[in-house]
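Residue-level listing of the chains:
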Amino acid sequence: MLKKLLVIFFLVFLFAGVTNATQVYVDERYGLEIISFTFNGDTFFGDDAWVGSYDLQIDNKIFEAYCVDFENYLDIEQWYHMDDPPTDAHVYTDPNSNYNPGDVDQASSLMYYLEKHYMGQNDNEAAAAQLAIWELLYGDLFSYSANSTITDLVDDFINYAGQQSTPANFFVAELWDNVRYNEDAQDLLFHPVPEPATMLLLGIGLFGLAGIGRKKINRIH
């Protein structure tokens, strides 16, 4: 009974504030601005562009996120509209892009691996993760130029992504802003993992509920 209660509370918390959100805030987390990348032979947004991870704030909860596409602009320290609810990564498609849901699954697997093994992420690792995600999604259509530290990390990440099983609970935030661009902004891949401090409070509450349950059982007996 307690195990079922824990699962129910966790799922309720996990999706609370995600399914009803329409306004999200985007800021940079880790990354670099010194990487040149191209798509289908054309350089995107000049020779140098931001490559890395983002903080995606939804209802006062902050999640690490990476770009799925790079055809659209994304300004940092800005509010956006998000399609409500966010799209399950396993079924996400974009008619203007050249990838399929299976590619997004691989990108989700990579993020899942990074969460478990690179929690103390730095700028190089975040840039390599973003490049690896784009390479998984776009294949030969995508190319980039970076230092050996980053290229080695990209190769490692892609290799590990292929060894992981497809994780659940990954979503794509489809962002748009009809004030600045009158069009879609970037779509961001994220995993709604609760923050450690909040999970601690949740655990304390569940522990208290379990204690109350035991007292009631003891009184009955």
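Everything below is about the structure printed above this text.
Residues numbered from 1 in each chain as written. Predicted model: local features only at pLDDT ≥ 70, side-chain atom pairs only at ≥ 80, totals over all residues. Heavy atoms only, no water.

Enquirer: Whenever I open this one, the overall build of the chain confuses me. Can you help?
Expert: On a plain count of helices and strands, the chain comes out with five helices and nine strands. In the chain, the order of α-helices and β-strands from amino to carboxyl end is α-β-β-β-β-β-β-α-α-β-α-β-β-α. For the chain, the residues scored as buried account for 40% of the 221 residues in total. A separation threshold of at least 6 residues defines the contact pool for the chain, and within that pool the share at least 24 residues apart is 74%. In the structure as shown, the chain presents an accessible area of about 11,800 Å², 53% of it carried by carbon and sulfur atoms. (Helix = DSSP H or I, 4+ residues; strand = E, 2+ residues; numbered from the N terminus. Buried < 20%, exposed > 50% of the residue type's maximum accessible area, 1.4 Å probe, protein only. Contact = heavy atoms within 4.5 Å. Areas by Shrake-Rupley, 256 points an atom, 1.4 Å probe, with all protein chains shown as cover.)

Enquirer: Got a minute to help me understand the packing of aromatic side chains in this structure?
Expert: The geometry of two aromatic rings is summed up by the distance between their centres and the angle between their planes. A complete count under the given rule lists nine aromatic pairs for this structure. With a centroid separation of 6.1 Å and an interplanar angle of 45 degrees, the aromatic rings of Phe37 and Phe142 are classed as tilted. Placement of the pair is Phe37 in strand S1 (residues 23-39) and Phe142 in strand S7 (residues 142-145), with a sequence separation of 105 residues. Ring pairs connect the aromatic residues Phe37, Trp134, Phe142 and Tyr144, which therefore count as one cluster. (Phe/Tyr/Trp six-rings, centres within 6.5 Å; stacked < 30°, edge-to-face > 60°.)

Enquirer: Looking at this structure, I do not really get the pairing of strand S3 (residues 49-58). What am I missing?
Expert: Remember that side chains alternate between the two faces of the sheet whenever the strand is regular. The buried fraction of S3 amounts to seven of the 10 residues, a majority that puts the element mostly inside the structure. Pairing geometry for S1 and S3, over eight bridges, is antiparallel. Across the sheet, the residue bridging to Leu32 is Val51, located in S3. Strand direction decides the pairing type here: S3 and strand S4 (residues 61-67), joined by five bridges, are antiparallel. Each bridged residue has a counterpart across the sheet, and for Leu56 the counterpart in S4 is Phe63. The hairpin turn running from S3 into S4, its antiparallel successor, is two residues long, and Asp59 in that turn takes a positive phi close to 50 degrees. (Pairing = 2+ DSSP bridges.)

Enquirer: Quick question: what am I supposed to make of unusual backbone geometry here?
Expert: Residues apart from glycine generally show negative phi values, whereas peptide bonds are mostly found in trans. At Asn60, a position not held by glycine, the phi torsion is positive, near 65 degrees. Overall, the relative accessible area of 68% leaves Asn60 in the exposed class. In the Ramachandran plot, Glu77 falls in the positive-phi region, its phi being about 55 degrees despite a non-glycine side chain. By the secondary structure assignment, Glu77 is in the loop between S4 and strand S5 (78-82).

Enquirer: Is there a simple way to think about the environment of Gly41 in this case?
Expert: As for its position among the elements, Gly41 is in the loop between S1 and strand S2 (42-43). With relative accessibility at 65%, the residue Gly41 sits in the exposed group. Gly41 sits 102 residues away from Ser143 along the chain, and the two C-alpha atoms are 8.3 Å apart.

Enquirer: Honestly, the nonpolar core in this entry has me stumped. Any pointers?
Expert: Looking at soluble globular proteins, one finds that nonpolar side chains tend to be buried together. Judged by nonpolar contacts, the single largest core of 54 residues is most densely connected at Leu56, Leu74, Phe157, Leu175, Leu188 and Leu189. Among the elements that take part in this core, helix H3 (residues 123-138) stands out by supplying 11 residues, more than any other. (Core = buried A, V, L, I, M, F, W, Y, C linked by side-chain atoms within 4.5 Å.)

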